[in-house]
Amino acid sequence: MSHTAQSLIKRIVLSFVIFTGCTLLGCSLFDKRPTANADMARINKQKVFFAPYDNVWRAAHAVIKYPIAQENQDTGIIETDYIKGVDGWLPPGTTKPPSSGIRYKLTFTFAKGTTDGRESTRVTIDKKMEILRDFFSDPEPIESDGLEEKILFYRIERELIITDALKKAN
């Protein structure tokens, strides 16, 4: 094999290695892994309750302490008004109030169904958080930590247990 042919093969192999390396490195630079908050929010976004739809709807109303912007029991949607971060829920152990530019709203979605032959209702809570940096810029979305959603699910479950206990007592 001539010297020119060997040189050409080396260039082709080197070009291939550089191209492959840049492609893999370039993709890894843009690989955004979810944060712990995003993982927790996704995990705590839905819960299935083994209770009739109407009971779960009433229990959710009992635990929502914010003004409701819209609701429709037929479509299974409850949406709150925007809540200022300083007026909303604070996790335990929080020493300072959140920024005054933070606001969020909660959207509850209900779906009837059956699970393992039992009547069930799936509830999804979507907490849309955003921060208003200044008067002129658009709001920027923020990830929820998932804690308030988890607390709301817990409270709905407790309301359902209390309702069942009261029915049995009567």
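Residue positions are counted from 1 within each chain, in the order its sequence is given. The predicted origin of the model limits local features to residues at a pLDDT of at least 70 and limits the giving and counting of side-chain atom pairs to 80 or more, whereas totals for whole chains, interfaces and linings rest on all residues. For the side-chain quantities, the full set of heavy atoms in the structure was used; hydrogens and water were omitted.

Asks: Help me get a handle on the overall build of the protein chain, residues and values and all.
Replies: Of the regular secondary structure elements, the protein chain holds four helices and seven strands. Exposed residues in this analysis have more than 50% of their type's maximum accessible area, buried residues have under 20%, and partly exposed residues fall in between, with area computed by a 1.4 Å probe over protein chains only. Taking all 170 residues of the protein chain together, the buried fraction comes to 27%. Calculation of accessible area relied on Shrake-Rupley with a 1.4 Å probe; when residues are assessed, cover is drawn exclusively from the protein chains displayed. Surface summary for the protein chain: the accessible area is close to 12,000 Å², and the carbon and sulfur share equals 58%. In this text, helices come from DSSP runs of H or I with a minimum length of four residues, and strands from runs of E with a minimum of two, each type numbered from the N-terminal end.

Asks: Tell me about the nonpolar core, residues and numbers included.
Replies: To define a nonpolar core, start from buried Ala, Val, Leu, Ile, Met, Phe, Trp, Tyr and Cys residues and group those joined through side-chain atoms within 4.5 Å. Core analysis: the biggest nonpolar cluster contains 25 residues, and V56, F108, F110, V123 and I156 have the highest contact counts within it. Not counting chain neighbours up to four residues away, the residues in contact with V56 comprise F49, A51, F110, T121, V123, I156 and L160. The contact rule is simple, with two residues in contact once any of their heavy atoms fall within 4.5 Å.

Asks: Run through the environment of T121, naming residues and quoting values.
Replies: You can see T121 is positioned in strand β6 (residues 118-131). C-alpha separation for the pair T121 and F49, spaced 72 residues apart in sequence, amounts to 5.3 Å. Non-local contacts of T121, meaning those with residues more than four positions away in its chain, are made with K47, V48, F49, A51, P52, Y53, V56, F110 and A111. Polar side-chain contacts of T121 include one of 3.3 Å to the backbone nitrogen of Y53. Pairs of N or O atoms are called polar contacts if they sit within 3.5 Å, as long as, within protein, a hydrogen donor faces a hydrogen acceptor (for residues adjacent in sequence, only side-chain-to-side-chain pairs).

Asks: Can you break down the packing of aromatic side chains residue by residue, with the values?
Replies: Only rings of Phe, Tyr and Trp enter the pairing, Trp through its six-membered ring, and a pair is recorded when the two centres are within 6.5 Å. The plane angle decides the type: under 30 degrees is stacked, over 60 is edge-to-face, the rest tilted. One pass over the full model with this rule turns up five aromatic pairs. An angle of 50 degrees between the planes, with centres 6.3 Å apart, marks the rings of F49 and F153 as tilted. In this pair, F49 is assigned in strand β1 (residues 46-49) and F153 in helix α4 (residues 147-169), connecting sequence segments 104 residues apart. F153 shares its class with F49; the two are buried. Where Y53 meets W57, the ring centres are 6.3 Å apart and the plane angle is 25 degrees; that geometry is what we call stacked. One end of the pair is Y53 and the other is W57, both in helix α3 (residues 53-63) and four residues apart, which spans about a single turn. Each member of the pair, Y53 together with W57, is buried.

Asks: Describe the side chain of E148, and please don't skip the residues or the numbers.
Replies: One can find E148 in helix α4. Within polar-contact distance, the side chain of E148 engages the side chain of Y104 at 3.2 Å.

Asks: Kindly report on the pattern of salt bridges, identifying the contributing residues and their values.
Replies: Oppositely charged side chains may form a pair once their charged atoms are brought near each other. We define a salt bridge as a side-chain nitrogen of Lys or Arg found within 4 Å of a carboxyl oxygen belonging to Asp or Glu. All told, the structure shown has six salt bridges when counted by the stated rule. The partner of K127 in a salt bridge is E148, and the shortest N-O contact between them spans 2.8 Å. With K127 in strand β6 and E148 in helix α4, this residue pair connects regions lying 21 residues apart in the sequence. For the pair shown, K127 and E148 are each scored as buried.

Asks: Please provide a residue-by-residue account of the pairing of β6, values included.
Replies: Pairing between two strands requires that DSSP report at least two bridges joining them. Across four bridges, the pairing between β1 and β6 is antiparallel. Along β6, the bridge assignment pairs V48 with R122. Pairing of strand β5 (residues 102-115) with β6, which is carried by 14 bridges, proceeds in the antiparallel orientation. The residue bridging T114 from the neighbouring strand is E119, located in β6. Taking the residues that link successive antiparallel strands as the turn, the β5-β6 hairpin has two residues, and the phi of D116 there is positive, at about 55 degrees.

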